[in-house]
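Structural overview
Here is how the chains run, residue by residue.
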Amino acid sequence: MAQPPRDVGEDDCLPEYRHLFCPDLLRDKVAFITGGGSGIGFRIAEIFMRHGCHTVIASRSQLRVSTAAKKLTAATGQRCLPLSLDVRSPPTVEAAVEEALKEFGKIDILVNGAAGNFLCPAGALSFNAFKTVVDIDTVGTFNVSRVLYEKCFREHGGVIVNITATLGSRGQVLQVHAGSAKAAVDAMTRHLAVEWGPDNIRVNSLAPGPVSGTEGLRRLGGAATSTSVLTSPLRRMGNKTEVAHSALYLASPLASYVTGTVLVVDGGMWLTLPNSVQRLADVASSSAKL
Ligand code: HXC
Ligand code: NAP
């Protein structure tokens, strides 16, 4: 079995990288990546740039994306435009997309990676807490997709990769907000794939499992270091580079006939991960605002 590619835990570029795909795979493409300043989104930006792509990385914190853009450009030599937006606010999305189009003249790829999550029992979740996660994950994904469709993809075609999760597939405890939000995005993927396919737009979801070196994992209390991971099919957690390689595949011409799918990138973990109610409840009691 192939060894997993190396990764680093922080939001830093890889100290060394060996191409598995052709280095020109995304040459002169432009990708707009929400949540691209940290975690999985940062590594997706890096891997895309290492394959010839220019990127726009966008999130709420201008400092976060500006710091990330400097690192990404230094490591890859490609251009990276850092922009501030809140995916819940269409005017900020429109302004960012216009700025990106002014800078690059086009956008070919959209990665919807912005998301929010925490552990909380459904019975203690405030109405606003549920709404907040759905607003960021689901409404935010629609907002950015809709703006890019109108301003670019309808005329020129494009590719959308929605980063989701498998939480809703089996009904993970303490995750009704994120599981519902991501399941709705998977449905959105299918709807938009059908409706926008004739405009030469491919839309797919990529659903990672627990990924090392990420905020998402920290918020689950490092849940994936438990024995449940060691009894999962591949006996280990995935890393950000493995997720980014799958995003690269979906965004590239290698996936030219792939649309409306959910690519699960979790080492088969959703099939075997138990619902550890008590263990997660212990984590939640220290992290949830109850
Ligand atoms: C319970 C909580 C809470 C918690 C916030 N809330 N944190 N409830 N437990 N730990 C409640 C608040 O009390 C409030 O409700 C409501 O949620 C909104 O909170 P705000 O802080 O005002 O929201 P906002 O500033 O918009 O921040 C959004 C956020 C925040 C999601 C709450 O954590 C954030 O910005 N997260 C981004 C980074 C992130 O989450 N990364 C991990 C992604 S990983 P009330 O009723 O008091 O007004 C991921 C993985 C999925 O998505 C799959 C994993 C396998
Ligand atoms: P992360 O580093 O916290 O990434 C989330 C990003 O979203 C941050 O860069 C954040 O930046 C941005 N963001 C949050 N709210 C936003 C908003 N309203 N508008 C614009 N940007 C916003 O977490 P991650 O763990 O790498 O997760 C990345 C993606 O993978 C998410 O979609 C997540 O659901 C998915 N995922 C992760 C795991 C995992 O194990 N980590 C598993 C399954 C799925 P700002 O704070 O600057 O806005």
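1. Digging into the overall build of the protein chain
Helix and strand counts for the protein chain stand at 10 helices and 7 strands. Taken against the 2.2 N^0.38 rule, which gives 19 Å for 290 residues, the C-alpha radius of gyration of the protein chain at 18 Å falls within 12% of a compact globule. Projected onto its principal axes, the C-alpha coordinates of the protein chain cover approximately 50 × 45 × 35 Å. Burial statistics for the protein chain: of 290 residues in total, 52% are counted as buried. In the protein chain, the share of contacts with a sequence separation of at least 24, taken over all contacts with a separation of at least 6, comes to 78%. With an accessible surface of roughly 13,300 Å², the protein chain has 55% of that area assigned to carbon and sulfur atoms. Measuring between centres, the 29 positive side-chain charges of the protein chain sit 4 Å from its 25 negative side-chain charges.

2. Observations concerning the packing of helix 3 (residues 90-104) against helix 4 (residues 127-156)
Running from N to C, helix 3 and helix 4 point in directions that differ by 45°, and their axes come no closer than 10 Å. Judged by the angle between their axes, helix 3 and helix 4 are oblique. Both helix 3 and helix 4 take part in a crossing whose hand is right-handed. For the pair helix 3 and helix 4, contact is made by P90, V93, E94, V97, E98 and L101 and by N143, V144, V147, L148, K151 and C152, respectively. A per-class count over the contact of helix 3 with helix 4 returns 8 nonpolar, 1 polar and 3 charged.

3. A short note on the site of ligand 2
Not every one of the 27 residues close to ligand 2 is listed here, only the nearest: S38, S59, R60, G113 and T214. The separation between an oxygen atom of ligand 2 and a polar side-chain atom of K182 is 2.9 Å. Backbone polar atom of V211 to an oxygen atom of ligand 2: 2.9 Å apart, as the coordinates give it. Compared with its free state, where it exposes 880 Å², ligand 2 has 89% of that area covered by protein. Those elements giving two or more residues to the shell around ligand 2 turn out to be helix 1 (39-49) and helix 7 (215-219).

4. What to know about the pairing of strand 5 (residues 158-163)
Of all 6 residues in strand 5, 6 are buried; the element is thus mostly enclosed. In strand 5, alternate side chains face the same way, and those of G158, I160 and N162 on one face and V159, V161 and I163 on the other are all buried. Judged from the 4 bridges that link them, strand 4 (residues 109-112) and strand 5 form a sheet pairing that is parallel. Within strand 5, the position partnered with N112 by the bridge is N162. Each parallel crossover has a hand, and the one from strand 4 via helix 4 to strand 5 is right-handed. Taken together, the 6 bridges between strand 5 and strand 6 (residues 201-208) define a ladder with parallel strand orientation. Bridged to V161 within strand 6 is N204.

5. Considering the site of ligand 1
For ligand 1, the set of nearby residues contains 21 residues, the closest of which are R60, R88, S126, N128 and R219. Measuring from an oxygen atom of ligand 1, one finds a side-chain N or O atom of R60 at 2.8 Å. At 2.6 Å, a side-chain N or O of S126 approaches an oxygen atom of ligand 1. Sorting the residues of the shell around ligand 1 by element identifies helix 4 and helix 7 as the ones contributing at least two each. Broken down by element, the shell around ligand 1 gets its largest block of residues, 4 residues, from helix 4. Class assignment for the residues of the shell around ligand 1 results in 9 nonpolar, 7 polar and 5 charged.

Cut-offs used in this document
- Residues numbered from 1 in each chain as written.
- Chains lettered and ligands numbered in written order.
- Predicted model: local features only at pLDDT ≥ 70, side-chain atom pairs only at ≥ 80, totals over all residues.
- Heavy atoms only, no water.
- Helix = DSSP H or I, 4+ residues; strand = E, 2+ residues; numbered from the N terminus.
- Rg over C-alpha atoms; globule rule 2.2 N^0.38 Å.
- Buried < 20%, exposed > 50% of the residue type's maximum accessible area, 1.4 Å probe, protein only.
- Contact = heavy atoms within 4.5 Å.
- Areas by Shrake-Rupley, 256 points an atom, 1.4 Å probe, with all protein chains shown as cover.
- Lys, Arg positive; Asp, Glu negative; His and termini not counted.
- Charge placed at Lys NZ, Arg CZ, Asp CG, Glu CD.
- Axes fitted to C-alpha atoms, helices over the stretch in contact; angles between N-to-C directions.
- Parallel < 35°, antiparallel > 145°, perpendicular 65-115°, else oblique.
- Left-handed = near helix turned anticlockwise from the far one by under 90°.
- Nonpolar A, V, L, I, M, F, W, Y, C, P; charged D, E, K, R; others polar.
- Near = heavy atom within 4 Å.
- Polar contact = N/O pair within 3.5 Å; in protein donor to acceptor, adjacent residues only side chain to side chain.
- Pairing = 2+ DSSP bridges.
- Right-handed = clockwise from strand over helix to strand, strands pointing away.

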